[in-house]
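Inside the fold
Each chain is listed here by its residues.
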Amino acid sequence: MSLIHPVLMDNSIALLGVFSLLTVSLAGHVFLRFRSHKSVPFDVVMPEEALPGWKGGSILSNPCLQDSTQPGQIICYDPSTGRHLATIRAHTKTDVDLALDKARKAQAKWRNTTFAQRKIVLQSLLDFILLHQESICRVASRDTGKTMVDGKFGEILTVCERIRWTLAHGEKALRDEYRDPGLLMFYKAAKVEYRPMGVVAALVSWNYPFHNTFGPLITAIFAGNGILIKASEQVAWSTTVYFAKIARTCLEACGHDPELVQFLVGFQDCGEAVVASGVDGITFIGSPHVGTKVATAAAANLTPCVLELGGKDVAIINKDVNLNALVPILMRGVFQNCGQNCIGIERIIVHKDLHDKLVDMAGSRIKQLKQGPPLEIENIDCGAMTMSGRAEVLEPLIEDAVNKGATLICGGKGFIHPHFPQGQFFTPTLITNLRPNMRIAQEETFAPIMAIFKFSTLEEAISIANSSIYSLGSSVFSRNQKEGLYIMDRLRVGMSNLNDFGVNYLCQSLPFGGVGKSGYGRFGGAEGLRGVCHQRSITVDRWPMLIQTSLPPILQYPMNNVGDAIVVTRDLVNIIYAGWLERIKSVFDIVKVLLLGSNEPEQL
C-alpha cells in the first residue's frame, strides 16, 4: 500500500511530504507516550525454522498440503523452496466443539472486564509487535513466501494501526449512544447499548497470516467477545507455532484466561464445523464460492455474517496524470505480495493518450523484477505464490486473452527457479489491449499480473470498471479533482480512493468491505466494532420522580367510550405532528374530552 504519494508531486514536494510525515510522526509518538496505556512485557520464542540461515527440513519432491496416506495431517512447507516445515494434525468437529466450550467459559469472565483492562492487553500486544517486527515477518515469509518488505506493509503496519485506532477510539465507538426520543417521548432518555455477542468466529485467508488473524482478534476481544479463529491450512505452521502463542501469552501475562482466543487449523470439514457450531457471529475472508457456502450454512442458525470476498480492483488513470509519479504506485499496487491482495490493483484502465507510455514505463520495470525465496536470496522483489498449482490456473487465462486479441508484453508463465526448482513462482506479467469479455477481466487472478485496458471517454472507463462481478475497492488518478470525483461517484464499489490505492485499510476509522460478489458487512472503524456487538435499544424515565407514563382512564381497557378514545388519540397525533393552528385547537379539544367527555359515537 502507498502512504504519502499524491500522483502530482515532484521531488521537492515529495521531500516536503516525507519531512512533514516524520514531524507529525514524532509529535504523535511523544503524545502517545505521554498518554500511553499500561503495558505488560511478555516473550514468545521465534521458531527455529524462521531463524537466519536455517537449512533444516527435507525438500519435498512434490510439495502438497495433504497426503492421501495421511488425510488427517497438514503438511506444512515453505512455498518458495519446497522445504518441509512441520506436519500438523488437522482439527476436526470435536476440536471445534471443545474450543467453543473453552472460549465461552473464558468469555463469561472477560465480558466483565473494563475498557482499561482491555487496553492494557492491546498495548502489551502493540509493544510486543514493535519489538519483534523482524520475527513476525520472517515467520510469515517462511510460511507464505512473501518478502520482508511486503510483511512490514501487510502484516505489521496494518495490525499496529488497527491497535492504535482501537486504543484511541474504540471505547468511544462502543460507549452508550444517546438518541433523540422525539417530542412524543420527551420525558424519556433513549439510548443504544453495544454489548458483546459472546463468542464469534473468524475464518480467515492465508495471504497475510498475522494480520488476518489479529485484525478480527483485536476487534473481538476489545468488544468483550471470545473468538474462534479458523486459519487457512495454507498457513497452519505460522498460526500454530507462533501467532497463536503471541495472542495467548499476551492474555495470560495480563492476568486473563488465554482460552478466550482459540486457534483452529484444518481442512473444509473444520471450517464447516466452525460455521455450524453455534458461534454468535462469523467473519469470513475468502472466495465468493466458499463465502456463499458459509452464508448458507450460517443461515441454519441465523448466525450473522460479515463476508469479505473476492476483488478485481480497478485503477482508472485520467489523461492528465504524471506517469513518472504514478508508475511506482501502480507497481506497488499490482506486485506487492505477488498480487496476492484482496485490494491489490487487478485492472488498470488508462486513457488512450497515455497507454503506450504507461506500457513502456511499466514494462521496463517489470522485466527487472527479481524473483526467488526471500529468506534465502537478498534483494528479492517478488516472492512465491503461497498456494500450489497457481501456474496451471493462470496460464490459461493469459492464453485466452491473447487468443482474443490481447498483447502479452512479458511474463505469463510459471517460473522455475534455477536453485530452488520446488518453489512456487509465477513470472511478473504485463498484458494489455484487454477487453471486459475476456476471462482474465472477470476472474480474480490474485497474482503478479498487470492487466491494462484503454478508454477514450470517462463513461467508457466507468463502464469497463463496472463490468466486473466484483465490487470491492477502487482507485482513480486525476489532476482534475472534479473529474476524479465524477468517476468515483459512478463506480459500483464498497471503497474508493482518489490519487492513491488501498489506503482505506490504513485509515482504520473507515469501514472495510465490498458489495455484490465481493461480499457484505464491514469490519474496521466503529462499524466493525459494533458489528461484533448486540445492539440494545433502551429507554428510561428522564425525571422518574416527576413524570412517568400514565394512561388516562379514557384510554384504559376496557374502554367505556371508544368514540372519545378515537378523538383523544387523533388530537394527540395532531398536537405532535400538525401545524400550529391545528395543534392549539387539538389541545383544547383533548382537554375538553378528558375533563368533560364528549360522548362521540364510534364510526363503524
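Residues numbered from 1 in each chain as written. Predicted model: local features only at pLDDT ≥ 70, side-chain atom pairs only at ≥ 80, totals over all residues. Heavy atoms only, no water.

Taken in spatial order, the 3 strands make up an open sheet running β3-β4-β22, and their pairing is antiparallel. For this open sheet the edge positions go to β3 (177–179) and β22 (533–541), each flanked by a neighbour on one side alone. Averaged over all pairs of adjacent strands, the angle between strand axes in this sheet comes to 30°, irrespective of strand direction. Relative to strand β4 (residues 188–196), β3 runs antiparallel, the two sharing 3 bridges. Bridged to Glu177 within β4 is Val192. (Pairing = 2+ DSSP bridges. Helix = DSSP H or I, 4+ residues; strand = E, 2+ residues; numbered from the N terminus. Axes fitted to C-alpha atoms, helices over the stretch in contact; angles between N-to-C directions.)

Quick look at a nonpolar patch on the surface now. Taken together, Leu183, Phe186, Trp543, Met545 and Leu546 make up a surface patch of nonpolar side chains, about 640 Å² in accessible area. Relative to the elements of secondary structure, Trp543 occurs in the loop between β22 and α17 (562–577). For Trp543, a relative accessible area of 38% translates into the label partly exposed. (Patch = residues over 30% accessible without salt bridge, like charges linked within 9 Å, V, L, I, M, F, W, Y side chains within 5 Å. Areas by Shrake-Rupley, 256 points an atom, 1.4 Å probe, with all protein chains shown as cover. Salt bridge = Lys/Arg side-chain N within 4 Å of Asp/Glu carboxyl O. Buried < 20%, exposed > 50% of the residue type's maximum accessible area, 1.4 Å probe, protein only.)

So, about the packing of aromatic side chains. Any pair of aromatic rings gets described here by the distance separating the centres and the angle formed by the planes. Under the counting rule described, the total for this entry stands at 12 aromatic pairs. When the ring of Phe186 is compared with that of Trp543, the centres are 6.4 Å apart and the planes differ by 50°; the resulting orientation is tilted. Taken as a pair, Phe186 in the loop between β3 and β4 and Trp543 in the loop between β22 and α17 lie far apart in primary sequence, 357 residues in all. The class of Phe186 is partly exposed, set by a relative accessible area of 42%. With a centroid separation of 5.3 Å and an interplanar angle of 20°, the aromatic rings of Phe512 and Phe523 are classed as stacked. Here Phe523 lies in the loop between β21 (519–520) and α16 (525–530) and Phe512 lies in the loop between β19 (497–498) and β20 (515–516), a separation of 11 residues in the sequence. Just as Phe512 is buried, Phe523 falls in that class too. (Phe/Tyr/Trp six-rings, centres within 6.5 Å; stacked < 30°, edge-to-face > 60°.)

Glancing now at the side chain of Asn318. Looking at the secondary structure, you find Asn318 in the loop between β10 (314–317) and α10 (323–335). Here Ser478 takes part through its side chain, which lies 3.0 Å from a polar atom of the side chain of Asn318. For Asn318, the contacting residues outside a window of four places in its chain are His351, Leu354, Phe455, Leu458, Phe477, Ser478 and Glu483. (Polar contact = N/O pair within 3.5 Å; in protein donor to acceptor, adjacent residues only side chain to side chain. Contact = heavy atoms within 4.5 Å.)

Once that is clear, we can look at the packing of helix α4 (residues 133–144) against helix α7 (residues 236–253). Running from N to C, α4 and α7 cross one another at 160°; their axes reach a closest spacing of 9 Å. Taken together, the axes of α4 and α7 lie roughly antiparallel to each other. As for the relative orientation of α4 and α7, their crossing is left-handed in sense. For the pair formed by α4 and α7, the contact residues are Ser135, Ile136, Val139, Ala140, Arg142 and Asp143 on the first element and Ala236, Trp237, Ser238, Tyr242, Phe243 and Ile246 on the second. Residues that form the contact of α4 with α7 fall into these classes: 8 nonpolar, 2 polar and 2 charged. (Parallel < 35°, antiparallel > 145°, perpendicular 65-115°, else oblique. Left-handed = near helix turned anticlockwise from the far one by under 90°. Nonpolar A, V, L, I, M, F, W, Y, C, P; charged D, E, K, R; others polar.)

What follows is about the UniProt feature "active site" (unreviewed entry) in the chain. Within this numbering scheme, the UniProt entry marks Glu308 as carrying the feature "active site" (unreviewed entry). Tracing the sequence through the fold places Glu308 in strand β9 (residues 305–308). Classification of Glu308 as buried rests on a relative accessible area of 4%. (UniProt positions renumbered as here; feature names shortened; annotations may be inferred.)

Pairs may arise between side chains of opposite charge once their charged atoms sit close together. Taken as a whole and judged by the stated rule, the model has 32 salt bridges. In the salt-bridge network here, residues are joined through shared partners; they are Asp176, Lys191, Glu193, Arg195 and Arg536.

Bringing helix α12 (residues 390–403) into the picture now. Its 14 residues place the ends of α12 20 Å apart at the C-alpha level, agreeing with the 20 Å of an ideal helix rising 1.5 Å per residue. Among all positions in α12, only Arg390, Ala391, Leu394, Leu397, Ile398, Asp400 and Ala401 are buried. Against β12 (407–410), β13 (414–415), β14 (425–426), β15 (429–432), α13 (439–442) and β16 (449–455) lie the buried residues of α12. Just downstream of α12 lies Gly405, where phi reads positive at about 115°. (Expected span 1.5 Å × (residues − 1).)

It is worth spelling out the side chain of Asn561 at this point. For Asn561, the location among the structural elements is in the loop between β22 and α17. Looking at Asn561, its side chain comes within polar contact range of the main-chain nitrogen of Asp564, at 2.9 Å. Leaving out residues up to four positions away in the same chain, Asn561 has contacts with Asn599 and Glu600.

Further remarks concern the pairing of β4. Burial analysis of β4 places 8 of its 9 residues in the buried class, which makes it a mostly covered element. Note that β4 and β22 share 9 bridges and pair antiparallel. Its bridge partner being in β22, Glu193 is matched across the sheet by Arg536.

Turning our attention to the UniProt feature "domain: Aldehyde dehydrogenase" (unreviewed entry) in the chain. The UniProt record annotates "domain: Aldehyde dehydrogenase" (unreviewed entry) at residues 69–537. Across residues 69–537 one finds 42% helix and 20% strand; the C-alpha atoms that close the span lie 55 Å apart.

Before going further, it helps to spend a moment on the sheet that holds β21. Across the sheet, 6 strands lie side by side as β7-β6-β5-β8-β9-β21; this open sheet has mixed pairing. Edge strands, defined here as strands with exactly one partner in the open sheet, are β7 (261–265) and β21. Across the sheet, helix α2 (residues 93–110) touches β5 (199–203), β6 (226–231) and β7, and the angle it forms with β7 is around 165°. Contacting β5, β6 and β7, helix α6 (residues 209–222) runs over the sheet at an angle of about 170° to β6.

Attention shifts here to empty space enclosed by the protein. One pass over the full model with this rule turns up 5 cavities of 30 Å³ or more. Approximately 80 Å³ is the volume attributed to the largest cavity. Considering the residues around the largest cavity, the lining is formed by 14 residues, among which Arg347, Ala465, Tyr470, Arg492 and Val493 are closest to the centre. Here the second largest cavity defines a volume of roughly 60 Å³. Asp313, Val314, Ile343, Ile345, Gly473, Ser474, Ser475, Asn497, Phe501, Gly502 and Asn504 are the residues that line the second largest cavity. For the lining of the second largest cavity, the residue count by class is 4 nonpolar, 6 polar and 1 charged. (1 Å grid on protein atoms, 1.4 Å probe; cavity = no way out; pocket = protein on both sides within 12 Å on 5 of 7 lines; lining within 4 Å. Points joined across faces, edges and corners; volume = space filled by probe spheres on them.)

Moving on, we come to the packing of helix α5 (residues 148–174) against α6. Running from N to C, α5 and α6 cross one another at 10°; their axes reach a closest spacing of 9 Å. If you check the angle between α5 and α6, you find them roughly parallel. Each of Gly154, Glu155, Thr158, Val159, Arg162, Ile163, Thr166, Gly170, Glu171 and Leu174 in α5 lies in contact with α6, whose residues at this interface are Pro209, Phe210, His211, Phe214, Gly215, Pro216, Ile218, Thr219 and Phe222. Residue composition of the contact of α5 with α6, by class: 9 nonpolar, 7 polar and 3 charged.

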